[in-house]
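# Report on the structure
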Amino acid sequence: MADQSEPLLLSADDSDVDHKTRPEALSFDNIVEQSLSDFGFWQLFQVILVGVALFFDAQQIFITVYTDAYPTWHCLNHTICDHSTSDICRLPRSAWEWDGGSKDKTVISDFGLECSSSLLRGMPTSAFYIGGIVGGFVLALIPDDSLGRKKLVLFSTFAMSITSISVIFSTNVWIYTTLKFIIGFSRSQTWSYALVLISERVSTRWRPRATMIPFTFFVLGFMSLSGIAYLAQHSSWRFLYLYTVVPAIFYCIFLCIFALESPRWLHMQGNDEEAINVLKSMSSKNKPYLESLVSQLPPEQETSEELPRYSIKDFFFRKWAFRRIVVVMIILFGLGISYYGVPLAARDIDVNIYLSETLNAVVELPTFIITPIILERFNRRSSVLVNTLLGGASGVLCFVLSLLGKTGIAFAFELATFFCARIGFNLMAVYMVEMFPTCVRSSATMMFRQALVVGGACCPLIASIGRDLPSVSFAIFGVAMSGFGLFVLVLPETKGSSLCDTMEEQEKRNQTINTSHC
């Protein structure tokens, strides 16, 4: 296969047909689109199988909410101890006891951190997020042609699970913090790997709906953690890790056995026969058609070492790729500020904090139904633009109404701002996949996610401003979302376009589009 931008196959009778009347060559992209045009049971099974990885990913992200919480306590000696006024750090240990009598209910009680500084108590959680940021940048340097989509999803989930189960053997806060850093590092790109694998195994028609499935599992994983924590509330914090990790390990075994590799990635490696076998497994209806193509496969004249190699450096050497990835990261930075910051600043509105956080979590679920409808009916660029402008306006209105004392209406606009931030994230996830070819799509997705995380890291600082001027942070979040969202006007429209595989193929398509516009 001398050039992967060239057609993969010609029709069987091409040798007997004059060059002028020869039918159009059949490219690998055409084969994928035709064979996966019907979204059958096996395709749905493959999407769900990979999407479940985000279910377990969400559990490990939010598990410290329960394992690292400050446990409740009660007095034993009421002559010197008053629960409402006493400071346990000033009381003798014999005068009080943790509720339930269990010392290892949470990490704080187990490692004796009740009188430690807030910095030390929050260090494990901070280490987890730092590990995620560091891992995101380091793992983004791995070339797309290194291991394959399936193996990357499997390795990241398995490494996260094995390290998480090692946490139960921690004997002090320093070991626990180190392991949390490793967990954050290992799972930093699970979301990116899963999204790319799913998007490359469905046709253009079904991509908007299929890519929403892993996001749904992420929210379900977060919601399931509350139930598991409630059932384990009287047990050691180590059991909560055990209850979430053991199913994840069994899932990794299931993933290894049944998950299929991306046919587009296999094609990029020169393994066309294996790629077609994957398509046959996913589309039994088109199996005869695909079997007829196997005999027409050209001999593979290049070894894997001779095939073109692509990496993250290609974003810097090609002007169009650099412009696209920078703009995508700018937009995601603005969305990240709003997505992570709005729930954090909800305390500035005079509403029940437990109710507000619950509603913010629930409001995410409808976005996975609404996003595919928007993607199927409207253009990518205009959808992102209108959504970010609406979200920005909602944030500003939330600030204004809060100042006027209209708490209930202000809270409704807070939910609207968060809703638009989530919709914007969903839209950009599909948009970004369609803008970059297979050879660098994984690296682009990693940088996409890193911009979101960096935006989220700025939220606590912005939210703290609301303590001096109540609710002003909502105006900042709104302006950031709409302001950075305007950069989408620089990006090309991709609605209805199939995925390219190489940088050269993408450049040819860009030239064709530019020529048609001229």
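Notes on the structure follow. On a predicted model such as this, the values are computed, not experimentally measured, just so you know. (Residues numbered from 1 in each chain as written. Predicted model: local features only at pLDDT ≥ 70, side-chain atom pairs only at ≥ 80, totals over all residues. Heavy atoms only, no water.)

A word on the packing of helix H9 (residues 190–199) against helix H21 (residues 407–435). At their nearest, the axes of H9 and H21 sit 11 Å apart, and the two run at 60° to each other. The orientation of H9 with respect to H21, classified from their angle, is oblique. The chirality of how H9 crosses H21 is right-handed. Only Phe425, Ala429 and Val433 of H21 make contact with H9, whose side of the interface consists of Trp191, Leu195 and Ser199. Grouping the constituent residues of the contact of H9 with H21 by class yields five nonpolar, one polar and no charged. (Axes fitted to C-alpha atoms, helices over the stretch in contact; angles between N-to-C directions. Helix = DSSP H or I, 4+ residues; strand = E, 2+ residues; numbered from the N terminus. Parallel < 35°, antiparallel > 145°, perpendicular 65-115°, else oblique. Left-handed = near helix turned anticlockwise from the far one by under 90°. Contact = heavy atoms within 4.5 Å. Nonpolar A, V, L, I, M, F, W, Y, C, P; charged D, E, K, R; others polar.)

Attention now moves to helix H7 (residues 149–166). In an α-helix there are 3.6 residues to a turn, and that puts residues three or four apart on one side. Taking 1.5 Å per residue, 18 residues should reach 26 Å; H7 reaches 26 Å between its end C-alpha atoms and fits that length. Within H7, burial applies to Arg149, Lys150, Leu152, Val153, Leu154, Ser156, Thr157, Met160, Ser161, Thr163 and Ser164. Here the buried face of H7 lies against helix H2 (41–62), helix H8 (173–186), H9, helix H12 (237–258), helix H13 (263–268) and helix H22 (438–457). (Expected span 1.5 Å × (residues − 1). Buried < 20%, exposed > 50% of the residue type's maximum accessible area, 1.4 Å probe, protein only.)

Before going further, it helps to examine the nonpolar core. Ranked by internal contacts, the top residues of the largest apolar core, which has 108 residues, are Phe215, Leu332, Met428 and Phe448. Sorting elements by how many residues they give to this core places H21 first, with 14 residues. Structurally, this core is a two-domain feature, drawing no fewer than three residues from each of domain 1 (27–71 + 106–293) and domain 2 (310–511). If near-sequence neighbours (up to four positions away) are discounted, Phe215 is found in contact with Leu54, Trp191, Leu195, Phe368, Arg422, Phe425, Asn426 and Ala429. (Core = buried A, V, L, I, M, F, W, Y, C linked by side-chain atoms within 4.5 Å. Domains from an automatic or database assignment.)

Moving on to H8. Over its 14 residues, H8 runs 20 Å from end to end, which matches the ideal 20 Å to within 8%, given 1.5 Å per residue. Two or three places before Trp174, at the start of H8, stands the capping residue Asn172, its side-chain oxygen 3.0 Å from that residue's backbone nitrogen. (Polar contact = N/O pair within 3.5 Å; in protein donor to acceptor, adjacent residues only side chain to side chain.)

This part takes up the packing of H9 against H22. Geometry of a packed helix pair, given as the angle between the helix axes and the separation of the axes. Look at H9 against H22: their axes get within 9 Å of each other, and the N-to-C directions meet at 135°. Considering their axes alone, H9 and H22 lie oblique with respect to each other. Remark: the crossing between H9 and H22 carries right-handed chirality. Residues Trp191, Ser192, Tyr193, Leu195, Val196 and Ser199 of H9 form the contact with H22, whose participating residues are Arg441, Ser442, Thr445, Met446, Phe448 and Arg449. When grouped by side-chain class, the residues that make up the contact of H9 with H22 number six nonpolar, four polar and two charged.

Inspection of every chain in the model, using the stated rule, returns 27 aromatic pairs. Note on Phe56 and Tyr251: the rings are 5.5 Å apart at their centroids and 40° apart in plane angle, and the pair reads as tilted. One end of the pair, Phe56, is in helix H2; the other, Tyr251, is in helix H12, and 195 residues separate them in sequence. Taking 5.9 Å as the distance between ring centres and 85° as the angle between the ring planes, the aromatic pair formed by Trp237 and Tyr241 counts as edge-to-face. Placement of the pair is Trp237 and Tyr241 together in helix H12, with a separation of four residues, close to one helical turn. Assigned by exposure class, Trp237 and Tyr241 land together as buried. By the ring-pair criterion, three or more aromatic residues cluster together here, those being Trp191, Phe215, Tyr339, Tyr340, Phe368, Phe418, Phe425 and Phe448. The ring of Phe215 is capped by Arg422, whose NZ or CZ atom sits 5.2 Å from the centre of that ring. (Phe/Tyr/Trp six-rings, centres within 6.5 Å; stacked < 30°, edge-to-face > 60°. Lys NZ or Arg CZ within 6 Å of the ring centre and 35° of its normal.)

Attention now goes to the environment of Thr216. Topologically, Thr216 is positioned in helix H11 (residues 212–231). For Thr216, a relative accessible area of 25% gives the class partly exposed. In this structure, the C-alpha to C-alpha distance between Thr216 and Phe368, residues 152 residues apart in sequence, is 6.7 Å.

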